[in-house]
Amino acid sequence: MSEEPRDIDLPAAFRGRLASLDIVSRRPHDNPRIGGRRSHRKGTSIEFADYRRYTPGDDYRQIDWNIDARTGDLFVKVREAEELLAVHILIDCSASMDTGKSSKLDYAINLAAALAYVALSSGDTVSAARFSTRIGDQAGPFSGLRDVTRMLEFLQGTRPEGGTSVVDSLREYAARRIPTGVAFMISDLLSPSAHRGLGMLSQRGYETVVLHVMDREFLSPDIDGETELVDCESGEKLILHGDEDPVERYKSNLRRWLEQVAAFCGRVGVRYMAIETDWPVEEVVLNRLRMKGVLS
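Residues numbered from 1 in each chain as written. Predicted model: local features only at pLDDT ≥ 70, side-chain atom pairs only at ≥ 80, totals over all residues. Heavy atoms only, no water.

**Q** Before we go on, may I ask you to explain the environment of Ser 296 in this structure?
**A** Mapped onto the elements of the fold, Ser 296 is located in the segment after helix H9 (281–291). Owing to a relative accessible area of 26%, Ser 296 belongs among the partly exposed residues under this scheme. Sequence-wise, Ser 296 and Leu 21 are 275 residues apart; in three dimensions their C-alpha atoms are separated by 5.6 Å. (Helix = DSSP H or I, 4+ residues; strand = E, 2+ residues; numbered from the N terminus. Buried < 20%, exposed > 50% of the residue type's maximum accessible area, 1.4 Å probe, protein only.)

As C-alpha cells, this is what we get:
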C-alpha cells in the first residue's frame with residue numbers, strides 16, 4: 001500500500017498574499033520569452049534603456065511627447081529585453097530531514113510549495129527536484145497557475161530516504177544543460193562537507209538561495225542523564241552523559257558551524273538563511289524572506 005501524500009497547507013488567504021509577491025533576481029539569465037515576466041515592482045520587466053528615432057510601425061504609445069514638444073522630432077523609448085525567470089527548487093529528502101518533533105521534511109515541502117506558488121503566479125517557470133545521496137525524482141518545468149496542482153502533487157509525493165551528499169547532488173544538478181535562474185536549496189545540511197557543495201550552482205550561473213531548516217531539538221537538545229544518540233542515516237551511536245560540559249560543547253560547536261556555513265555562503269555569493277521549524281511558514285515567506293531580499 002502506498003504512503004499517504006504529505007499535507008500541504010496553502011489556504012486561500014495565504015495564496016492571495018503569495019500572489020502579490022515576486023522572487024528577486026539580481027541579474028539577467030538570458031532566458032528570453034514572449035510577453036515578458038510579470039512583476040509587481042514598477043519597471044522591472046520593461047526597464048527603460050534608451051531612445052531612438054521613431055520609424056513607421058513603432059508603437060505610438062512609446063513616443064516621448066516631451067521631446068517632441070521641445071525639438072519637433074519623434075523619439076520612442078527603447079525597453080530592455082524581457083526575460084523568463086527559471087526558478088529551481090531542490091529539496092533534501094534524506095532520512096535526517098524526517099526527524100524532530102515536527103518533521104523538517106514536512107516543513108520543507110510547505111516552504112517549497114509557497115515559493116513555487118509565488119513563482120507560478122508571477123509568470124516564472126518552476127522546476128523541482130528531490131535529492132539525498134544524489135539527485136532523485138525531478139519535475140517540471142511548470143508554468144502558470146494552471147500547473148499549481150501538478151507541482152503540489154510532486155511535492156506531496158516526497159518520501160525520506162537514506163543518507164545525504166549535498167556535494168554530489170548539487171554537482172549533478174549543476175551539470176545539467178538547462179536554463180539557469182534562481183535556485184532554492186532546502187536542507188538541514190547534515191551531510192559531510194555540505195558547505196563545499198553550496199557554491200557549485202553559483203559557479204554554473206545560478207543565483208543560489210540556501211534555506212537551512214533546523215528544529216528546536218537540534219538547536220538546543222534536552223539531555224537529562226545518560227543519553228544515547230543515534231545517527232538516523234548511518235546508524236552510528238554516541239553516548240552523552242547529562243553533565244553540562246558535553247551539551248555546552250555541542251552548542252558551541254553548533255554555533256561555530258553555523259557561522260562557518262553563513263560565512264562560506266557570503267564568500268561564494270550564495271544567499272543564506274537559517275530557518276527554525278517553530279517559525280510559521282507564512283511568517284517566513286511573507287516577512288523574513290522579504291527582509292532578506294529574496295522576495296519582494
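**Q** What is the right way to read the packing of helix H3 (residues 104–121) against helix H4 (residues 148–156) from this model?
**A** If you want to describe how two helices pack, look at the angle between their axes and the distance between the axes. One can describe the packing of H3 onto H4 by two numbers: an axis separation of 10 Å at closest approach and a directional angle of 160 degrees. With respect to H4, the axis of H3 lies roughly antiparallel. In terms of crossing hand, the pair formed by H3 and H4 is right-handed. Contacts from Ile 109, Ala 112, Ala 113, Ala 116, Tyr 117 and Leu 120 of H3 reach H4 at Val 148, Met 151, Leu 152 and Leu 155. For the contact of H3 with H4, a count of residues per class yields ten nonpolar, no polar and no charged. (Axes fitted to C-alpha atoms, helices over the stretch in contact; angles between N-to-C directions. Parallel < 35°, antiparallel > 145°, perpendicular 65-115°, else oblique. Left-handed = near helix turned anticlockwise from the far one by under 90°. Contact = heavy atoms within 4.5 Å. Nonpolar A, V, L, I, M, F, W, Y, C, P; charged D, E, K, R; others polar.)

**Q** In this structure, what is going on with the sheet that holds strand S7 (residues 207–214)? I would like to understand it.
**A** The strand order across the open sheet built from six strands is S5-S4-S3-S6-S7-S10, with neighbouring strands paired in mixed fashion. Edge positions in the sheet fall to strand S5 (135–143) and strand S10 (271–276), since each of these pairs with one other strand and no more. Neighbour-to-neighbour, the strand axes of this sheet turn through a mean angle of 15 degrees, independent of strand direction. Looking at chain direction, strand S6 (residues 181–187) and S7 are connected through six bridges and run parallel. Within the sheet, the bridge partner assigned to Ala 183 lies in S7 and is Thr 208. Sheet contacts for H3: strand S3 (86–92), strand S4 (125–131), S5, S6, S7 and S10; angle to S3, the most-contacted strand, approximately 175 degrees. (Pairing = 2+ DSSP bridges.)

**Q** What should I look at first to understand the pairing of S3 in this one?
**A** In the case of a regular strand, side chains alternate between the two sheet surfaces. Counting buried positions over the seven residues of S3 gives seven, a clear majority of the element. With burial as the criterion, each face of S3 is covered, one bearing Ala 86, His 88, Leu 90 and Asp 92 and the other bearing Val 87, Ile 89 and Ile 91. Once the chain exits S3 it traverses H3 before rejoining the sheet at S4, and the crossover so formed is right-handed. Sheet analysis places S3 next to S6, joined by six bridges and oriented parallel. From the neighbouring strand, Ala 86 faces S6, where its bridge partner is Gly 181. (Right-handed = clockwise from strand over helix to strand, strands pointing away.)

**Q** Is there a simple way to think about unusual backbone geometry in this case?
**A** Keep in mind that most residues, glycine aside, have a negative phi and that most peptide bonds are trans. In the segment running from Gly 140 into Pro 141, the intervening peptide bond is cis, with an omega of 10 degrees. By the element assignment, Pro 141 lies in strand S5. For Leu 189, which is not glycine, the phi torsion reads 60 degrees and is therefore positive. Among the secondary structure elements, Leu 189 is positioned in the loop between S6 and helix H6 (200–204). Its relative accessible area of 2% is what places Leu 189 among the buried residues.

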